[in-house]
Amino acid sequence: MTRDGSGQPAEIVRALLGGAPNGAATLPEPMANVATDMTAMLAKRSDAEAVAAWQAASALVRRRQLSALTFAAHYAPFASVIPPLQAEGLPPIVERFANALKWMSAPQWESLSRRWSLDRESSGSLLQAALKSRARESEEAVAIAAIAVAPRHISGDAGWAAVKTAVHGGRVLSSMGELTPEQLQTVWAPLEEAVALRSLTDAPVSDRPSRPRAKNAPAPAEEVKVEKKRTARSRADAAYGPNTAEVAAFVKAIPELSAIQWLRVLDRRQLVANVTREGEDESAVVVRSILAAARASTGLQLEARCSVFSAVERAAFALAARGRLSDDQFHEHYVVMAEVIPVGEADVASFAARVAALNPEEWMRLAAVVAPADIAAVEPLVNAADALAAHLEQRTDDEVVVAWHALTALIRRHRLSPIKFAVSYAPFASAVVVTKARSIAPVVQRYLTAVGRLSAHQCAVLAEPWLLADDVSNALARATAGAATRAAEEAAALAALVTVPMRVSGNAGWAACKTATFGGRVIAARSKLSDEQLLALWKPLERAIPIASLAASTRSH
């Protein structure tokens, strides 16, 4: 019914799961982890089963980047056995509508498949209502319910049109509290013949929240006052997400960097690139475009700003990688942006300027067609872009990119591995220090000093391959449970990425950095390890940095 041609062939899925060339090793981190975990499970399954599972897993990972309808189309085969989690319960009226779809006849589905359109005013009213009511989850639930039932009664393009109309109904019902009776009647008209609105609203009063009663029975004045203070404080603290303090310090420091400091930052960025050999996650066109989007979309509500910010980022990625994408892949990423900047007029050189020049009416049009974004994940990026956009506009492309990489790494610090964080933040490790000295034990500080003094020979020793026995590896895992060694690992990774690239480059340099980061974890967990376990774990580092050299001196200096 969907006629979706975006699914990957079985041989490509097998290659991704097996880690073959151009397979899992080249996947971005979330999907690479999924591929690793699913490989053994799907090894003995048929190709059709493997493709279905991979498509559903991919949809879950990209859930907030896909429209509700696209997510449902990819995940529907598993929806009945592994229902997708909902952040909050669906409105009762939406649940009744989804249940009503199961009992609809073929003529009712055919009535939903007829062509229809809304006038501009009604469409805009529904969009604004949906943004306020967060209709995304209702649309997903209705889409999954419709895709499960519709093919029994109607197929092909007509079936797909009927499903889209049903999803429109989910959006209307979840937003009806924000619509006037006249607006509600207009936007529900395409569904009235199949499912009369009155049949859904005639329900016990207890099933429907009553706004007037809530207003007539307010909480005591003291409680309201305390709650308001708590809400204001939590919003201020969360301006940049869980790592607000570090991000705020970085945002404040960037405009104050001198020309010499910027030269050192760019120098170190080049050295790190020589070791990691990672391509640019975000080229200059991407960063400049999202900064422009943040500045130009300030008139929209938060939900709409986050959605258009994500849409601009995705479109800019598509333009930057156009030579590596097929026409279908490029269209999939850029199609929403074509609403305001046609594909034929889009190019890397002028895209950021075109984004900055969009007028308020064009931003509203874009907001009307984009899929809702994950606000918790995107809002910190939007706030950070607001804070630095004016300053970064004056910097060179290289400076803009390196600053944005470091800034986003700080925002997502809690979700990145220590060495991944260090790769993005190492260019600024000396200019804007974000690791608190008091969180590092004295023995770890001595280890960091040793890493900072590594010679080329010592780096080569650290780059040699090594393996751990299962028992000592398990002992280290137990000792480091709960992220107790996180600060030490990050500090060791930053120290290694500052020092090692000046001594050894390429794969050897990267291997040495990973070993040095491992050393930070071991030395931070030493108190929870036996002497035998510590010596076994330290063996890969012993020839470069003897464990005895880290013992405290008998005299304090």
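In this report, the structure presented in the accompanying data block is examined.

Definitions and cut-offs
- Residues numbered from 1 in each chain as written.
- Predicted model: local features only at pLDDT ≥ 70, side-chain atom pairs only at ≥ 80, totals over all residues.
- Heavy atoms only, no water.
- Helix = DSSP H or I, 4+ residues; strand = E, 2+ residues; numbered from the N terminus.
- Buried < 20%, exposed > 50% of the residue type's maximum accessible area, 1.4 Å probe, protein only.
- Contact = heavy atoms within 4.5 Å.
- Core = buried A, V, L, I, M, F, W, Y, C linked by side-chain atoms within 4.5 Å.
- Phe/Tyr/Trp six-rings, centres within 6.5 Å; stacked < 30°, edge-to-face > 60°.
- Lys NZ or Arg CZ within 6 Å of the ring centre and 35° of its normal.
- Salt bridge = Lys/Arg side-chain N within 4 Å of Asp/Glu carboxyl O.
- Expected span 1.5 Å × (residues − 1).

## Looking at the overall build of the protein chain
Part 1 of the argument: Broken down by element type, the protein chain carries 29 helices and zero strands.
Part 2 of the argument: For the protein chain, the residues scored as buried account for 44% of the 557 residues in total.
Part 3 of the argument: Partitioning the intrachain contacts of the protein chain with sequence separation of at least 6 by distance along the chain shows that 76% fall at a separation of at least 24.

## Here we look at the side chain of Arg268
Part 1 of the argument: With respect to the helices, strands and loops of the structure, Arg268 is situated in helix H15 (residues 259-276).
Part 2 of the argument: Setting aside residues up to four positions removed in sequence, Arg268 forms contacts with Ala426, Pro427, Ala429, Ser430 and Val498.

## A short note on the nonpolar core
Part 1 of the argument: With 90 residues, the main nonpolar core has Phe250, Phe309, Trp404, Leu407, Tyr425, Phe428 and Tyr447 as its most contacted residues.
Part 2 of the argument: Counting residues per element, this core draws most heavily on helix H22 (residues 397-411), which supplies 10 residues.
Part 3 of the argument: Apart from residues lying up to four places away in sequence, Phe250 is in contact with Ala403, Ala406, Leu407, Leu410, Tyr425, Phe428 and Val432.
Part 4 of the argument: Of all hydrophobic cores here, the second largest spans 44 residues; its members include Leu69, Ala76, Ala150 and Leu197.

## Topic: the packing of aromatic side chains
Part 1 of the argument: Taken as a whole and assessed by the stated rule, the structure comprises 12 aromatic pairs.
Part 2 of the argument: On the numbers, 4.8 Å between centres and 40° between planes, the contact of Trp466 with Phe518 is tilted. One end of the pair, Trp466, is in the loop between helix H25 (456-462) and helix H26 (470-479); the other, Phe518, is in helix H28 (residues 506-524), and 52 residues separate them in sequence.
Part 3 of the argument: Clustering of aromatic rings is evident, with ring pairs tying together Phe250, Trp262, Phe421, Tyr425 and Phe428.
Part 4 of the argument: In this structure, Arg322 packs its charged tip against the face of Phe330, placed 4.1 Å from the ring centre.

## Quick look at the pattern of salt bridges
Part 1 of the argument: In this structure the tally under the stated criterion is 19 salt bridges.
Part 2 of the argument: Among the ionic pairs, Arg305 bridges to Asp386, the shortest N-O distance being 2.9 Å. On the criterion of sequence distance, the pair formed by Arg305 in helix H17 (residues 302-320) and Asp386 in helix H21 (residues 375-392) is long-range, its members being 81 residues apart.
Part 3 of the argument: Taking relative accessible area as the criterion, Arg305 reaches 10% and is therefore assigned buried.
Part 4 of the argument: For Arg365, the salt bridge goes to Glu339, with nearest N and O atoms at 3.9 Å. Linking Arg365 in helix H20 (residues 360-369) with Glu339 in the loop between helix H18 (327-334) and helix H19 (351-356), this pair joins segments that are 26 residues apart in sequence.
Part 5 of the argument: Its relative accessible area of 36% is what places Glu339 among the partly exposed residues.
Part 6 of the argument: When salt bridges with common partners are traced through the structure, they connect Arg120, Glu339, Glu361 and Arg365 into a single cluster.

## Side note on helix H16 (residues 284-296)
Part 1 of the argument: Taking 1.5 Å of rise per residue, 13 residues should cover 18 Å, and H16 covers 18 Å from first to last C-alpha, within 8% of that figure.
Part 2 of the argument: Burial analysis of H16 places 10 of its 13 residues in the buried class, which makes it a mostly covered element.
Part 3 of the argument: Of the residues making up H16, those classed as buried are Ala284, Val285, Val286, Val287, Ser289, Ile290, Leu291, Ala292, Ala293 and Ala294.
Part 4 of the argument: Its buried side turned inward, H16 meets H17, H19, H20, H21 and H22.

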